[in-house]
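The chain contents come next:
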Amino acid sequence: MIPLAEMLLDWYARHGRHDLPWRQTRDSYRLWLAEIMLQQTQVDSVKPYYGRFLEVLPNWQALAEAPLDQVLALWSGLGYYARARNAQRAAQEVVTRHAGHFPDTLDAAITLPGVGRSTAAAVLASAFGQKHAILDANARRVLIRSHAIDADPRATATQHRLWSLASALTPHDAHSYNQAIQDLGAMICTPRQPRCRACPLAGLCMARAQGRSHDLPVARVKAAKPERCVCFLLARDADGRVLLEKRPETGIWGGLWCLPEAAPGGGEHPVLCPDAAYPLQDTSVLRQSLRAVWARRLALHLELTMLEEEQRHAFTHFQLRFRCVHARVLGGAVADSAVPLRWHDPAEALAQGLPTPMRRILERMVKAADSSRVTRLIPRRRVRVI
Ligand code: SF4
């Protein structure tokens, strides 16, 4: 066996995270679900979601047949909701095209929605004992540092080189090796503070020998994220219910329930409009625009009562700036709309699939005894009467 693999396996046997819930199984559904949830998400964040998800949807069939609303509700708060929609589509394909079994070849597995080469390899190695290399973020970082690769990690040529390297290093016991390199990257060879003194690869690591452990992988020059600005309407009816709209199934927060949106420029369809120049700070312009947009979209007679201070929410490819506008419903009825609009009891709405910013707003409402208390819960500096 190649020394690096041997050292990693020896370290993993003694220090690996063997107690992770998805390390207790060789079931392809459970392994695949963990891999999907762990994409771009930390282990500690995934753990509670993983357990809850499996309690409700314990196998391919259950996930394939579940209402999308239920899947999104179980995923709510974990972010990157395209993963949830793809997960259900993948489960449906496993059931309909593969007789309820995860495909047992790499070529077939990567045709499933949301399943890339590394995810497929990890599942095949652990579920079926096949010898496939992975190249997730942790494995990539360990390989780049241990071999002092200073090319752009995202360049196609570097990707090819890394996959070749990963394949050459992966031993017959790919199941343990893949978990070992993931754990080393998560626990020792971490992005910002590699703990080289505790590393089993310290003796052969080229980055360490060159004093470049902290400099690799080479940093990308990050372009500033574009901004999108939007206002969300927090309208409550006489019974204290809050108006939510279900977003279209594709796009940002697809299929999730959300406070009605008013995009700058007055667009009727909820698109989280990419218009950075909209004057979120100018309340007189804002008031006129919001009244016009919501009167047209919702056919409700609204009295706008409060404008919360601007908040931000980071997406991978843009920064969302938003303000939450409180309103009393004075009359009218919710208009027919291409998107479903529903009045929800705030506490019951928390059981729906909600994006994290919406969940925080509703949780704050639920904690409040009544609408006046909602006002007090918002720090005075964040509220402006309009
Ligand atoms: S010696 Fe340091 S840089 Fe090299 S693999 Fe180990 S932790 Fe990473």
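Residues numbered from 1 in each chain as written. Predicted model: local features only at pLDDT ≥ 70, side-chain atom pairs only at ≥ 80, totals over all residues. Heavy atoms only, no water.

S.K.: I keep staring at helix 11 (residues 174-187) and nothing clicks. Help me out?
M.R.: An α-helix turns once per 3.6 residues; consequently, residues spaced three or four apart project the same way. Under the 1.5 Å per step criterion, the end-to-end length of helix 11 is 19 Å for 14 residues, consistent within 8% with the ideal 20 Å. Tucked into the core, helix 11 has its buried residues touching helix 1 (3-15), helix 2 (28-38), helix 8 (117-128), helix 9 (137-146) and helix 10 (156-169). (Helix = DSSP H or I, 4+ residues; strand = E, 2+ residues; numbered from the N terminus. Expected span 1.5 Å × (residues − 1). Contact = heavy atoms within 4.5 Å.)

S.K.: Quick question: what am I supposed to make of the site of the ligand here?
M.R.: Around the ligand, the structure places Arg145, Ile188, Cys189, Cys196, Cys199, Ala202, Cys205, Arg208 and Ser213. A majority-of-atoms criterion places the ligand in the largest cavity. Across the shell around the ligand, the residue classes break down as six nonpolar, one polar and two charged. (Near = heavy atom within 4 Å. 1 Å grid on protein atoms, 1.4 Å probe; cavity = no way out; pocket = protein on both sides within 12 Å on 5 of 7 lines; lining within 4 Å. Sits in = over half its atoms within 2 Å of the grid points. Nonpolar A, V, L, I, M, F, W, Y, C, P; charged D, E, K, R; others polar.)

S.K.: How should I be thinking about empty space enclosed by the protein in this particular structure?
M.R.: Picture a little ball the size of a water molecule; that probe, rolled over the atoms, points out where space is still empty. In total, this model carries two cavities of 30 Å³ or more according to the counting rule given. The volume enclosed by the largest cavity comes to roughly 120 Å³. Together, 15 residues line the largest cavity, and Arg145, Cys189, Cys196, Cys199 and Cys205 are the ones closest to its centre. Those elements that place two or more of their residues in the lining of the largest cavity are helix 9 and helix 12 (206-209). Per element, the largest residue contribution to the lining of the largest cavity is three residues, and it comes from helix 9. (Points joined across faces, edges and corners; volume = space filled by probe spheres on them.)

S.K.: Explain a positive patch on the surface here, please?
M.R.: There is a patch of like positive charges on the surface, built from Arg154, Arg192, Arg220, Lys222 and Lys225. Mapped onto the secondary structure, Arg220 falls in the loop between helix 12 and strand 1 (227-236). (Patch = residues over 30% accessible without salt bridge, like charges linked within 9 Å, V, L, I, M, F, W, Y side chains within 5 Å. Areas by Shrake-Rupley, 256 points an atom, 1.4 Å probe, with all protein chains shown as cover. Salt bridge = Lys/Arg side-chain N within 4 Å of Asp/Glu carboxyl O. Lys, Arg positive; Asp, Glu negative; His and termini not counted. Charge placed at Lys NZ, Arg CZ, Asp CG, Glu CD.)

S.K.: Sorry, what's going on with the packing of aromatic side chains here?
M.R.: Two aromatic rings are characterised by how far apart their centres lie and by the angle between their planes. Scanning the model with the defined rule gives ten aromatic pairs in all. With a centroid separation of 5.2 Å and an interplanar angle of 85 degrees, the aromatic rings of Trp22 and Tyr50 are classed as edge-to-face. Of this pair, Trp22 sits in the loop between helix 1 and helix 2 while Tyr50 sits in helix 3 (residues 43-56); the two residues are 28 residues apart in sequence, bridging distant segments of the chain. Owing to a relative accessible area of 6%, Trp22 belongs among the buried residues under this scheme. An aromatic cluster of three or more residues is present, and its members are Phe232, Trp253, Phe315, Phe318 and Phe322. Over the ring of Tyr49 we find Arg52, and its NZ or CZ is 4.9 Å from the ring centre. The lysine or arginine in question, Arg228, covers the ring of Phe318, its NZ or CZ lying 4.0 Å from the ring centre. (Phe/Tyr/Trp six-rings, centres within 6.5 Å; stacked < 30°, edge-to-face > 60°. Buried < 20%, exposed > 50% of the residue type's maximum accessible area, 1.4 Å probe, protein only. Lys NZ or Arg CZ within 6 Å of the ring centre and 35° of its normal.)

S.K.: What is the right way to read the environment of Ala121 from this model?
M.R.: Tracing the sequence through the fold places Ala121 in helix 8. Overall, Ala121 belongs to the buried group, its relative accessible area being 1%. For the pair Ala121 and Ala133, spaced twelve residues apart in sequence, the C-alpha separation works out to 6.2 Å. Setting aside residues up to four positions removed in sequence, Ala121 forms contacts with Leu106, His132, Ala133, Ile134 and Asn178.

S.K.: When you look at the pairing of strand 1 in this model, what are you seeing that I'm missing?
M.R.: It is a general feature of regular strands that their side chains alternate between the two faces of the sheet. Here strand 1 lies mainly inside the structure; eight of its ten residues are buried. With ten bridges joining them, strand 1 and strand 7 (residues 319-332) adopt parallel strand pairing. Bridged to Val230 within strand 7 is Phe322. (Pairing = 2+ DSSP bridges.)

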